[in-house]
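Below, each chain spelled out in residue letters.
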Amino acid sequence: MMRFYTISTKRIGLAVSVFLFAMAVACQSSKDPVPTSVKPTPGESTPGGIAYQTTPVTLKKPANFPDIVYDLSQNPLTVEGVALGKTLFYDPQLSRDTTISCGFCHQQFAGFGHSDHPLSHGIGGKFGTRNVPGLQNLAWSREFFWDGGVTSLDELPISPIQNVVEMDLKFSDALSRVQKSPKYPALFKAAFGSDTVTTARFLKAISQFLLTLVSADSRYDKYVRNESGADFTSDELAGLNLFRQKCATCHATDLFTDKSYRNNGLPVGAIKDQGRYTITLDEADRLKFKVPSLRNVERTFPYMHDGRFATLELVLNHYKSGVTDSPSLDPILKGNGQLGIVLTDGEKKQIIAFLLTLTDDTFINNRAFSAN
């Protein structure tokens, strides 16, 4: 955890954040930018009576993406707000024993997933019940977690902070620690015009950082946008065509998920996770899990809600011959009286070759997203 020893150091750090985030957003390809505006909170001003100023960040919609669904008007992005959110994201003070931050499980090199373990790994070496999903393109989602149990990005951090096998700290205690920490007053004042730490400001700041985690610069993106550096091999092109035929019903649009909940035929594991059913209590939702995005899938292993498959080949083997029937099994996996998806070994290799084109090295290596 970085300490800020002098006012000069703080200013340098803020200047670096301004530059990095401005560069990060400017590099996103865009056809239909979504403007944001920043207005001082009424009544809040500097000691001299001048309303505080922030630096707006424009979250741009990549040309090949659908429309953003997050309401940016309710939480306009600013350089100062994003910088505060990033500091909170990487702060282990938000866990009971001050060892676990959000960034501990959501590792940038792994597409902001956690490649070390099949299941989430938190405080005291405890393991959770599900695989850590990658974080990316959250401005295009309304529901979160494998079961969709959270329906607001602004409320998302509360769950891992309070989860007893993740960060294991009452949210009120996490808020209190931030209120008492000497490093936060200046950051909150820069972002919100006042050094008062509130629940809303805490959560909106983290959302601002998460919203900047846009992955849209893979070789595939360049290919569909007709940009340079987008050449595909014959196997990659064949894999793309096969993917569109056999996989794109669920992994739809260039977000590579239709955001639905589906039972993909996994045999029930030892944890007996019932998926979406635990939220809705609807029998039709038993064993259904949210369709994950396949962006950066090369980096987000292991796969499935419980991390049972270590490789993409094992994933495709499951769809070829490992699908288990059940009342809620997705109909697309039992067509023509046959379970699964018909795939030859050659087709599996071609699909994997295509999936590797979804790796976004710009996103993976963007220093604006890294811990200071």
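Description of the structure in this document. (Residues numbered from 1 in each chain as written. Predicted model: local features only at pLDDT ≥ 70, side-chain atom pairs only at ≥ 80, totals over all residues. Heavy atoms only, no water.)

This brings us to the packing of helix H5 (residues 171-180) against helix H7 (residues 199-211). H7 packs onto H5 with a crossing angle of 85° between their chain directions and a minimal axis gap of 11 Å. In terms of orientation, H5 and H7 fall into the roughly perpendicular class. Residues Phe 171, Leu 175 and Val 178 of H5 lie in contact with H7, whose contacting residues are Thr 199, Phe 202 and Leu 203. (Axes fitted to C-alpha atoms, helices over the stretch in contact; angles between N-to-C directions. Helix = DSSP H or I, 4+ residues; strand = E, 2+ residues; numbered from the N terminus. Parallel < 35°, antiparallel > 145°, perpendicular 65-115°, else oblique. Contact = heavy atoms within 4.5 Å.)

Leu 84, Phe 202 and Leu 210 are the most contacted members of the largest nonpolar core, which has 54 residues in total. The element that contributes the greatest number of residues to this core is H7, accounting for 7 residues. Among all residues touching Leu 84, those that are not within four sequence positions of it are Tyr 184, Leu 187, Phe 188, Ala 191, Phe 192 and Ala 205. Leu 242, Phe 256, Val 323 and Leu 355 belong to the second largest nonpolar core, which has 27 residues in total. (Core = buried A, V, L, I, M, F, W, Y, C linked by side-chain atoms within 4.5 Å. Buried < 20%, exposed > 50% of the residue type's maximum accessible area, 1.4 Å probe, protein only.)

So, on to the side chain of His 114. Topologically, His 114 is positioned in the loop between helix H3 (102-105) and helix H4 (158-162). Within the structure, the side chain of His 114 is placed 3.5 Å from the backbone oxygen of Cys 105, a separation counted as a polar contact. If we ignore the near neighbours within four places in the chain, the residues touching His 114 are Phe 104, Cys 105, Gln 107, His 121, Val 132, Phe 301 and Pro 302. (Polar contact = N/O pair within 3.5 Å; in protein donor to acceptor, adjacent residues only side chain to side chain.)

Bringing the pattern of salt bridges into the picture now. Tallied over the full model, the rule gives 16 salt bridges. Note that Arg 130 and Asp 273 form a salt bridge whose closest N and O atoms lie 2.6 Å from each other. With a gap of 143 residues between them, Arg 130 in the loop between H3 and H4 and Asp 273 in the loop between strand S3 (261-262) and helix H10 (277-280) connect regions that are remote in the sequence. Judged by relative accessible area, which is 16%, Arg 130 ranks as buried. Across the pair Asp 217 and Lys 222 runs a salt bridge whose closest N-O atoms are separated by 3.2 Å. Put simply, Asp 217, Lys 222, Arg 225 and Glu 227 are held in one network by salt bridges that share partners. (Salt bridge = Lys/Arg side-chain N within 4 Å of Asp/Glu carboxyl O.)

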